[in-house]
Protein chains: 2
Amino acid sequence: MKIRIGIYGYGNLGRGVESSVLQNKDMELVGVFTRRLPKNVTTLFDTPVYNAKDIGTFKDKIDVLIVCGGSATDLPIQTPFLAEMFNVVDSFDTHANIPAHFDNVDRSSRLCGTTSMISVGWDPGIFSLGRLYSETILPEGNTYTFWGEGVSQGHSDAIRRIEGVADAKQYTIPVPATVEKVRAGSTDTFSAREMHTRECYVVVKDGADKSRIEREIIHMPNYFENHKTTVAFVSQEVLNKDFSGYPHGGSVIRAGKTGVDGKSTGIIECSLKLDSNPEFTASVLVAYARALTRLHNDGVIGCLTVYDIPPKYLTTKSDQEIIKNLL
Amino acid sequence: MKIRIGIYGYGNLGRGVESSVLQNKDMELVGVFTRRLPKNVTTLFDTPVYNAKDIGTFKDKIDVLIVCGGSATDLPIQTPFLAEMFNVVDSFDTHANIPAHFDNVDRSSRLCGTTSMISVGWDPGIFSLGRLYSETILPEGNTYTFWGEGVSQGHSDAIRRIEGVADAKQYTIPVPATVEKVRAGSTDTFSAREMHTRECYVVVKDGADKSRIEREIIHMPNYFENHKTTVAFVSQEVLNKDFSGYPHGGSVIRAGKTGVDGKSTGIIECSLKLDSNPEFTASVLVAYARALTRLHNDGVIGCLTVYDIPPKYLTTKSDQEIIKNLL
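Residues numbered from 1 in each chain as written. Chains lettered and ligands numbered in written order. Predicted model: local features only at pLDDT ≥ 70, side-chain atom pairs only at ≥ 80, totals over all residues. Heavy atoms only, no water.

Visitor: Got a sec to walk through the domain arrangement of chain A? Specific residues and values, please.
Guide: Residues and elements named next belong to chain A. Each assigned domain of chain A is listed here: domain 1 (3-123 + 278-325) and domain 2 (126-275). Each side of the interface is counted separately: domain 1 has twelve residues, and domain 2 has 14 residues. Summed over both sides, the interface between domain 1 and domain 2 buries roughly 1,100 Å², with carbon and sulfur atoms accounting for 66% of that surface. The largest contributions to the domain 1 side of the interface with domain 2 come from Trp 122, Asp 123 and Tyr 307, which together make up 54% of the buried area. At the junction of domain 1 and domain 2, the tally comes to one salt bridge. The shortest N-O distance in the salt bridge between Arg 131 and Asp 123 comes to 2.8 Å. In this assembly, domain 1 and domain 2 are joined by six residue pairs in polar contact (both at pLDDT 80 or more). Examining the composition of the side of domain 1 that touches domain 2, we find that four residues originate from one element, helix α10 (residues 277-297), more than from any other. Classifying every residue of the side of domain 1 that touches domain 2 by side-chain character gives eight nonpolar, three polar and one charged. (Domains from an automatic or database assignment. Contact = heavy atoms within 4.5 Å. Buried area = accessible area lost by both parts, 1.4 Å probe. Salt bridge = Lys/Arg side-chain N within 4 Å of Asp/Glu carboxyl O. Polar contact = N/O pair within 3.5 Å; in protein donor to acceptor, adjacent residues only side chain to side chain. Helix = DSSP H or I, 4+ residues; strand = E, 2+ residues; numbered from the N terminus. Nonpolar A, V, L, I, M, F, W, Y, C, P; charged D, E, K, R; others polar.)

Right, here's the structure in full:
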């Protein structure tokens, strides 16, 4: 019997999940659940669309519900709520709030006997695995996470909220000289400014004051003030044409010492280069939805993270097959 | 109580384990077990040395025995034998024989209630994880494993067995143009010759026929005949000075398709750059020895691989700590 997947929320991430499920022959799509009017939503592959408020009637028809809302306001409410009825997985990525979100989802799952996973994607997700594996193997060392080159949606949104800005995209770019130092085995400490550059491509409304906008961006606390930030003003046409899509990626690199007096260096690097950030995140969610189903069938309840999942639970292949062909 | 580690076999790998255990504060070294005369063996950090034939008397004094023999003739016998008395972990790396070795070790462990792990290191090991994670996340794609640049001990040994050769080291080097194609998203098939070059540095005995030796190397079946192979003759002094140590590394790279009609590409890369192949392998063995102890305490018996281990079992940190600081 195939694993029955539901998609809750249908933006870029939900569309990515729809495409990804179709690549996995052991899964089937039950439907897309939206807060919009279902008749106004057209899915990529004719997946049925239902009103989000009817989700409760699908309680026994979905094995895993993939919650595709945003981390700022959707997921903190949706995932704990839905975890009372379904096995759920989300890609919650506000790092500072992960422990609180975990507790909320865990409480719902334990109360209702479901199995849930949060923060599944590439960071948090694959990069989290890279950080854990590499620091346990090389306990004496430093771990560096570089993001980009890619579009940061949170930072793009922050620029769009500035008065006079019509549209914007922010590219995060690792500083090449620092990446090279770390790849060469440096265990130095680097400032935010030494790690990443932020390039902003901004469309302004007619008559807006460009120098004020540039100043507001460069000095924006938390987002830009500690980074080397460049601002370029472009037309909407150029933004649409030359800065389309949601590419992203990055690297987790750990350099650590081995041997007598740590005289040798070992470097572990996990890198991603993604044409589509939401599609890749969706692919990770779908792989972990498989693991979640199995763990639920094993009797595991409560909230989990990527750290709890034995890697073999992700694959459709048998133990014998992975030992023979992948190990 | 600390995890009590024993080291069975004391070559480069055993010495690496000794150094690695000292980096992990939750572990202690019980002793080194050797087939040589213990009084002739000096350990790096004054770890006690015992005769391998006395290992049985340590049955209740060791939590995990790390078996540091060679894959060709030692481990196929030692690991199944020792798994009857101890929780054991080894770095068995003869890929073709892994299923048979697994079955032998599994049988011993199940018979005697121990927990064992085989093929723990970087390949098999970390690269095996890279292959599984990446193919489950990107089911439509191709995975490539590049080894090097580094010293291949099996190939160096093969050269040394040729008549007239006094010493030799073989460096495996990925073909840069192929690595670049794969990193750019190619999913083409490449021949062995297109993937790796083999550079051989050979010291000959007085009066040996260099052209015959070069021909024998280049045409050696399985080892060299399908690769682009270069042979350079050097003096023993140059070999010792310029080609010392056991550096190695490499990359597992998977390029896969995401989205509608697979029009986007995602690339996952896991890379290692190691000054010391045996010291890094030892570090992986030690991290998994921790996981093995926990699984044994959980009541798991039989033989396991890296695919069975939830990542969190590798760390000394609490669930709360890794969720807060690493996820």
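Here the narrative resumes.
Visitor: Report on the relation of the copies chain A and chain B, specifying residues and quantitative values.
Guide: When chain A is brought onto chain B, the operation consists of a screw motion whose angular component is 180 degrees and whose axial shift is 0.0 Å, with 0.0 Å RMSD remaining. In the structure described here, the two chain copies are related by an operation that fits a two-fold rotation axis. Comparing contact sets, 100% of the residues at the interface of chain A also lie at the interface in chain B, consistent with an isologous, same-surface contact. (Least-squares fit on C-alpha atoms with pLDDT ≥ 70 in both.)

Visitor: Could you give an account of empty space enclosed by the protein, naming the residues involved and the relevant values?
Guide: Inspection of every chain in the model, using the stated rule, returns one cavity of 30 Å³ or more. By volume, the largest cavity amounts to about 260 Å³. In terms of lining, the largest cavity is formed by 16 residues, of which the most central are Gly 130, Tyr 133 and Cys 270 of chain A together with Tyr 133 and Cys 270 of chain B. Put simply, the parts of the chain that give the lining of the largest cavity at least two residues each are α4 (126-137) and β13 (264-274) of chain A together with α4 (126-137) and β13 (264-274) of chain B. The greatest single-element share of the lining of the largest cavity, amounting to six residues, is contributed by α4 of chain A. Its residues assigned to classes, the lining of the largest cavity shows twelve nonpolar, three polar and one charged. (1 Å grid on protein atoms, 1.4 Å probe; cavity = no way out; pocket = protein on both sides within 12 Å on 5 of 7 lines; lining within 4 Å. Points joined across faces, edges and corners; volume = space filled by probe spheres on them.)

Visitor: Outline the sheet that holds strand β14 (residues 302-304) of chain A, listing residues and values.
Guide: Residue and element names in this part refer to chain A. With parallel pairing, the seven strands of this open sheet are ordered in space as β3-β2-β1-β4-β5-β6-β14. Strand pairing shows two members of the sheet lacking a second neighbour, β3 (49-51) and β14, which therefore form its edges. In this sheet, neighbouring strand axes are inclined to one another by 25 degrees on average, regardless of whether the strands run parallel or antiparallel. Two elements, strand β4 (residues 64-67) and strand β5 (residues 88-90), share three bridges in a ladder whose sense is parallel. Bridging from a neighbouring strand, Ile 66 pairs with Val 89 of β5. Against the sheet, helix α3 (residues 98-112) makes contact with β5, β6 (115-117) and β14, and its axis sits at roughly 140 degrees relative to β14, the strand it touches most. With respect to the sheet, α10 is in contact with β1 (3-8), β2 (27-34), β4, β5, β6 and β14, its orientation differing from that of β4 by roughly 145 degrees. (Pairing = 2+ DSSP bridges. Axes fitted to C-alpha atoms, helices over the stretch in contact; angles between N-to-C directions.)

Visitor: Requested: an account of the interface of chain A and chain B, with residues and values cited.
Guide: Contacts between the two partners involve 67 residues from chain A and, on the opposite side, 67 residues from chain B. In this assembly, chain A packs against chain B so that about 5,700 Å² is buried in total across both faces, 62% of it on carbon and sulfur atoms. Along the contact surface separating chain A from chain B lie four salt bridges. The interface formed by chain A and chain B includes 32 residue pairs in polar contact (both at pLDDT 80 or more). Broken down by secondary-structure element, the contributors of at least two residues to the side of chain A that touches chain B are α3, α4, β12 (248-258), β13, α10 and α11 (319-325) of chain A. Top element by residues in the side of chain A that touches chain B is β13 of chain A. It accounts for eleven residues. Per-class residue counts for the side of chain A that touches chain B are 34 nonpolar, 18 polar and 15 charged.

Visitor: Residues and numbers for helix α6 (residues 176-183) of chain A, please.
Guide: All names here are of chain A. Of all the residues in α6, the buried ones are Thr 178, Val 179 and Val 182. In a view along the axis of α6, the buried residues occupy a sector of 100 degrees, so they form one face of it. Looking at the buried positions of α6, the neighbouring elements they touch are β7 (141-147), β9 (165-174), α7 (192-195), β12 and β13. At the C-terminal side of α6, Gly 185 shows a positive phi close to 105 degrees. (Buried < 20%, exposed > 50% of the residue type's maximum accessible area, 1.4 Å probe, protein only. Arc of directions from axis to C-beta.)

Visitor: So, the packing of aromatic side chains: which residues are in play, and what are the values?
Guide: The description of an aromatic ring pair uses the distance of the two centres, along with the angle that the planes make with each other. All names here are of chain A. Taken as a whole and assessed by the stated rule, the structure comprises 17 aromatic pairs over all chains. Between Trp 122 and Phe 127, the aromatic rings sit 5.4 Å apart at their centres with planes inclined by 85 degrees, giving edge-to-face as the arrangement. The burial state of Trp 122 is the same as that of Phe 127; both residues are buried. Arranged with centres 5.7 Å apart and planes meeting at 65 degrees, the rings of Tyr 171 and Phe 243 form a pair that is edge-to-face. On the criterion of sequence distance, the pair formed by Tyr 171 in strand β9 and Phe 243 in the loop between α9 (236-242) and β12 is long-range, its members being 72 residues apart. With respect to class, Tyr 171 is no different from Phe 243; both count as buried. (Phe/Tyr/Trp six-rings, centres within 6.5 Å; stacked < 30°, edge-to-face > 60°.)

Visitor: Can you lay out the sheet that holds strand β9 (residues 165-174) of chain B for me, pointing to particular residues and giving the numbers?
Guide: Residues and elements named next belong to chain B. Spatially, four strands are ordered β8-β9-β10-β11 in an open sheet, and the strand pairing comes out mixed. The strands lining the two open edges of the sheet, one partner per strand, are β8 (150-151) and β11 (228-233). Bridging between β9 and strand β10 (residues 196-204) involves nine bridges; their strand directions are antiparallel. Residue Gln 170 lies in a different strand from β10, and its bridge partner there is Cys 200.

Visitor: Explain the pattern of salt bridges to me, and be specific about the residues and the numbers.
Guide: Counted under the stated rule, the structure contains 30 salt bridges over all chains. Across the pair Arg 35 of chain B and Asp 74 of chain B runs a salt bridge whose closest N-O atoms are separated by 3.3 Å. Here Arg 35 of chain B, found in the loop between β2 (27-34) and β3 (49-51), pairs with Asp 74 of chain B, found in the loop between β4 (64-67) and α2 (75-82); they are 39 residues apart in sequence, far enough to count as distant. By sharing partners, the salt bridges in this structure join Asp 157, Arg 160 and Asp 167 of chain A into a single network.

Visitor: Just give me the short version of the packing of α4 of chain A against α4 of chain B, but keep the residues and values in it.
Guide: Two numbers describe a pair of packed helices, the interaxial angle and the distance between the axes. Interaxial distance between α4 of chain A and α4 of chain B falls to 13 Å at its minimum, and their mutual angle equals 175 degrees. By the angle between their directions, the pair α4 of chain A and α4 of chain B is classed as roughly antiparallel. Facing Ile 126, Leu 129, Tyr 133 and Ile 137 of chain A of α4 of chain A, the residues of α4 of chain B in contact are Ile 126, Leu 129, Tyr 133 and Ile 137 of chain B. In the contact of α4 of chain A with α4 of chain B, the residues fall into eight nonpolar, no polar and no charged. (Parallel < 35°, antiparallel > 145°, perpendicular 65-115°, else oblique.)

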